[in-house]
Amino acid sequence: MDFATLASQFFIGLSRGMIFFIVAAGLTLIFGVLRITNFAHGALYMLGAFIAYSVSTLFGQGPYGFWLALLVAPIAVMLVSLVIERGLLRFIYNRNHLIQMLLTYSLVLIAGDLVKIIWGTEYKSMDIPGVLRGSFNLWGASLPWYNAFLLIVGPIVALGLWLFLSKTHLGKICRATATDREMVDVLGINSTRVFAMVFALGGWLAGLGGALIAPTTTISMGMDASIIIYAFLIVVIGGLGNIWGALISSIIMGVGEAFGILFIPSIAIIIPYMIAGVLLIVRPSGLLKSAW
Amino acid sequence: MVRMVGKKKSLNLIRLGSLLLITALVASGCGSSPNESKDTKTELKPTKVGIVDTYTGGAAVYAKDSLDGFKLAVKEIADKGGPKIEFVTRDDEFKPDKSTSWAKELVMREQVDFLAGTTNSAGSLAVSQYAKESKVPFIVWGGMSDKITGAAGHRYVFSTLPNTAIIGKAGAVQLSKTTHQKIWLAGSDYEYGHSVINNLWSNLTTIKPGVEKMGESWWRVGETDFTPYINAIRSAKPDILVVGTGGADMVAFMKAVKATGLIQELPVWAHTSYDPATLRPLGDQAPEGVMGTNPYLHNYPDTADNKAFVEAFKKEYNREPAAFALYGYMGGKFLGAAIEKAGSNDKEKIIDAMEGLSIDTPVGKATLRKEDHQVAIPMSYGVVAKVEGVFTAKDLHTLSPEDIMPSVDAILKARAK
């Protein structure tokens, strides 16, 4: 095993972790502020991928299609999330967790059928834009340009979230709501508006994750089920509701899985669960402080 | 108090369970002796086929094709004044338990004479078991597991598509014609993936004893990012990568092969690599040079029979037929020919007529092998290539059924176990 292989595998794992982070950040944010287990988060991610496909196809899979899709898909998913929050979720904030889970789970089923009705059952695929195609040489090993692109987008999103949460007034209210919801209400802040905004932001992140993964894979029904498992594992490992915990555990998960695939490829399928198991034995309440 | 409630509940459950069991037993007892037909050679009753298949979800694209192929066969048989075939369909949603319950419903309530369908291999095996118990013949045109007509085969199950044993052997023959020695095996971590790869590997080691297995990678079904797998395999520097993966994963894998530039460094083999279902979604991102096997293409074999089939299918459904359309079509044709040959509605006589039956199909002469009820058709192999601006296959060769069918001895040995 030479250095180049290890290095390229590390960067590939890191870029895998970036997708995990973008999706899991939305989930953990909703966890932290709304205290809702949003099973439909994976469905929003799938919706993001399908919308990205449609936008890109509208432009003949041309060079602008991808960039426009990257802009439009997350916003479209954000609007859908807003409708879900205002239309359904806000009525069940005071109900118990089981009801909330049932509602979000029913959204998963609805989204699955909706996708089938709108886009049909055939496998869809979207092109990687010309400038990001192919791969470049990294100390003798090769790294696809698209993975490098993800390595840039991931930190930008993380930085943006950090700026929003720690530097803006709204972000501070979000953090306060996550820490002590009653106190925020007592201070006269309209917390339902905060809830709507956070859920929309979470949806935007899910849609962005879907739009980013779309060019690299098959866009098909069932892609929601495969991401939601990772997202939940990451959120639990990182500490429920803690964005930085999600960032750290996404990176551990992505890089850990990549090295697992390199060293024990025949049982790669169990690696995420091994990582989650070990980390939860070491730190049962998550890597960082949980918001719950 | 709590315990008593629990007991009462479980007692109720037992009562309900036994009631259901009795109903099921009574019903299945009735189902196995429906209208025995008298031997009226002049006027045959229509034969009713109950089709259980996956009409919703990710595999619906295959079930739609096979159903349309079957419908075309039924129409053609009727146009020629052959036996009348009626059918009903049920959607199993890719769930094996639903396949069996629909199969039972079709036999008991709809009183079908034949069962057919099941893209899900586990569903095929489950329905096959029921077919054996109820003595209602079952034509598989969807499930690819080699167990269906292999280890778990019996008198009442037939298969009109090449199974994983045949695919694996065809792949082994193709690879034995190359010089590659060090081989990396990979695939989806489920029945289909393991079955194709195991069959290929055991055949390859027999045909070409010098080959060496360098390692194996197995990914989960629904994997979205293949770059870490490809990077790891590339670093091991094998001579060739052999892949068994299906459906949506196949498209994603091929995309990653192109994006990582793997094909420039390392030859790759995958079943259905040049199938339209794989290439169409890929657009211009199909990796040229990936080797593969495929039983059928609308333009291969380039014969009058195939052209006529494609023409008829296009006229009826306004699209080109893919491999599964052929499988459903053959299922219908075999059934029609067998009823005609038997000259009777008696299921046992139709089975006897079906055993060893040969018919002309778009891919040439096809035979339902007498010993294991597995269809024998040729298989093609080739590489993905851009021909006149369209991605398809080139360097196509045909393997005859004799080259790729598992031996009857091996089948009987597996069944005896």
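Residues numbered from 1 in each chain as written. Chains lettered and ligands numbered in written order. Predicted model: local features only at pLDDT ≥ 70, side-chain atom pairs only at ≥ 80, totals over all residues.

What to know about the sheet that holds strand S5 (residues 157–159) of chain B
Residue and element names in this part refer to chain B. Rules: For two strands to be treated as a pair, DSSP must find no fewer than two bridges joining them. A helix here means a DSSP run of H or I that spans at least four residues, while a strand means a run of E at least two residues long, and both kinds are numbered starting from the N terminus. To get an axis, fit a line to the C-alpha atoms, keeping to the stretch in contact for a helix; angles then go from 0 to 180 degrees between the N-to-C directions. Whether two residues are in contact is decided by their C-beta atoms, placed from the backbone, lying within 7 Å.
Overall, parallel pairing links the five strands, which are arranged S2-S1-S3-S4-S5 in an open sheet. Lying at the two open borders of the sheet, with one neighbouring strand each, are strand S2 (85–91) and S5. Pairs of neighbouring strands in the sheet enclose a mean axial angle of 25°, with direction left out of account. In this sheet, S2 lies alongside strand S1 (residues 47–53) in parallel orientation, the contact comprising seven bridges. For Thr47, the partnering residue across the bridge sits in S2 and is Ile85. Lying on the sheet, helix H4 (residues 121–134) is in contact with S1, strand S3 (114–117), strand S4 (138–140) and S5; it crosses S4 at an angle near 160°.

A short note on the interface of chain B and chain A
Inclusion rule: Charged means Asp, Glu, Lys or Arg here, nonpolar means Ala, Val, Leu, Ile, Met, Phe, Trp, Tyr, Cys or Pro, and polar covers whatever is left, Gly included.
Contacts between the two partners involve 32 residues from chain B and, on the opposite side, 39 residues from chain A. Where the side of chain B that touches chain A is concerned, the elements lending two or more residues are helix H2 (60–79), strand S7 (212–219), helix H7 (227–236), helix H8 (247–259) and helix H10 (276–282) of chain B. For the side of chain B that touches chain A, the element with the highest residue contribution is H7 of chain B, accounting for six residues. Looking at the side of chain B that touches chain A residue by residue, the class counts come to 13 nonpolar, 14 polar and five charged.

A word on the sheet that holds strand S12 (residues 364–368) of chain B
Residues and elements named next belong to chain B. The strand order across the open sheet formed by three strands is S11-S12-S13, and the pairing between neighbours is antiparallel. Each having just a single partner strand, strand S11 (358–361) and strand S13 (375–376) make up the two edges of the open sheet. Relative to the sheet, helix H12 (residues 323–342) contacts S11, S12 and S13, its axis offset from that of S11 by approximately 140°.

Regarding the nonpolar core
In plain terms, the rule: To count as a nonpolar core, a set of buried Ala, Val, Leu, Ile, Met, Phe, Trp, Tyr and Cys residues must be joined through C-beta atoms within 7 Å. Counting other C-beta atoms within 10 Å of its own, a residue is labelled buried from 20 upward, exposed at 12 or fewer, and partly exposed in the gap between, with every C-beta atom placed from the backbone. Residue ranges for the domains trace back to a domain assignment, done automatically or taken from a database.
Formed by 217 residues in total, the largest nonpolar core has its most connected members in Val23 and Ala49 of chain A together with Leu115 of chain B. With 16 residues, the single largest contributor to this core is helix H1 (residues 3–34) of chain A. In terms of domain composition, this core takes at least three residues from each of domain 1 (47–162 + 304–376) and domain 2 (165–294 + 378–416) of chain B. Not counting residues within four places of it along the chain, the set of residues in contact with Val23 of chain A comprises Tyr45, Leu205, Ala206, Gly209, Ile227 and Ala231 of chain A.

Concerning the domain arrangement of chain B
Quoted interface sizes are often the accessible area lost when the parts come together. All names here are of chain B. Once the domains are mapped, chain B shows domain 1 (47–162 + 304–376) and domain 2 (165–294 + 378–416). Here the C-alpha centroids of domain 1 and domain 2 sit 27 Å apart. The partner domain 2 presents 22 residues to the 19 residues of domain 1 that form the contact. Along the lines of polarity and charge, the residues of the side of domain 1 that touches domain 2 split into 10 nonpolar, six polar and three charged.

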